[in-house]
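Okay, here's what each chain looks like letter by letter:
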Amino acid sequence: MGEMTVPAHVLYGASTHRAVLNFPVSGRTVGPLVIHAFALLKKACAESNIELKKLDRRRGRLITDACDEIIAGLEGETSSLRDAAGVMEHFPIDIFQTGSGTSTNMNANEVIASPPAPAACPSGPRTRSIPTTTSTWASRPTTRFRPRCRWRRRSPFTAT
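Residues numbered from 1 in each chain as written. Predicted model: local features only at pLDDT ≥ 70, side-chain atom pairs only at ≥ 80, totals over all residues. Heavy atoms only, no water.

### Quick word on the overall build of the protein
Helix and strand counts for the protein stand at 6 helices and 0 strands. For the protein, the succession of helices and strands along the chain, N to C, is α-α-α-α-α-α. Buried residues in the protein amount to 36% of all 160 residues. Of the contacts made within the protein by residues no fewer than 6 positions apart, 65% connect residues no fewer than 24 positions apart. In the structure as shown, the protein presents an accessible area of about 10000 Å², 57% of it carried by carbon and sulfur atoms. (Helix = DSSP H or I, 4+ residues; strand = E, 2+ residues; numbered from the N terminus. Buried < 20%, exposed > 50% of the residue type's maximum accessible area, 1.4 Å probe, protein only. Contact = heavy atoms within 4.5 Å. Areas by Shrake-Rupley, 256 points an atom, 1.4 Å probe, with all protein chains shown as cover.)

### So, unusual backbone geometry
Glycine aside, the phi torsion of most residues is negative, and most peptide linkages are trans. Not every positive phi belongs to a glycine, and K53 is a case in point at roughly 60°. By secondary structure assignment, the location of K53 is in the loop between α2 (32-51) and α3 (57-74). On the basis of relative accessibility, which here comes to 72%, the residue K53 falls in the exposed class.

Have a look at this one:
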């Protein structure tokens, strides 16, 4: 897709910046409650994948810690992202985006994959704490779900 210059002070990456430039529909961004829900969901999925040994503990902790920072900032607690306004600065996607929310999901993945705080970003090229593909693991519970207890539903079409 080519090179993309992203402002140095933000935690999102090229995919989010492309979406901002390509879909400037209303000038209104996705609300804090939606971002809060994304952070809770990604944290829960990361914890599940750690428990299922689909995601290693070190990278999983980086994901859950980043989600905790987003949540803390939105709830007005002490956060490296300062406060709700500081958190929302990193989520610039237009609320009336096209598609099924892919841009917002990728925006969350990029912020989660970034260094823990803007102050931690050295001037010049940033390096991610974890690859964006790893933070995507926080979006999916797992491809194979195995419940802890075995329960079989009898088919109404089989004789007992």
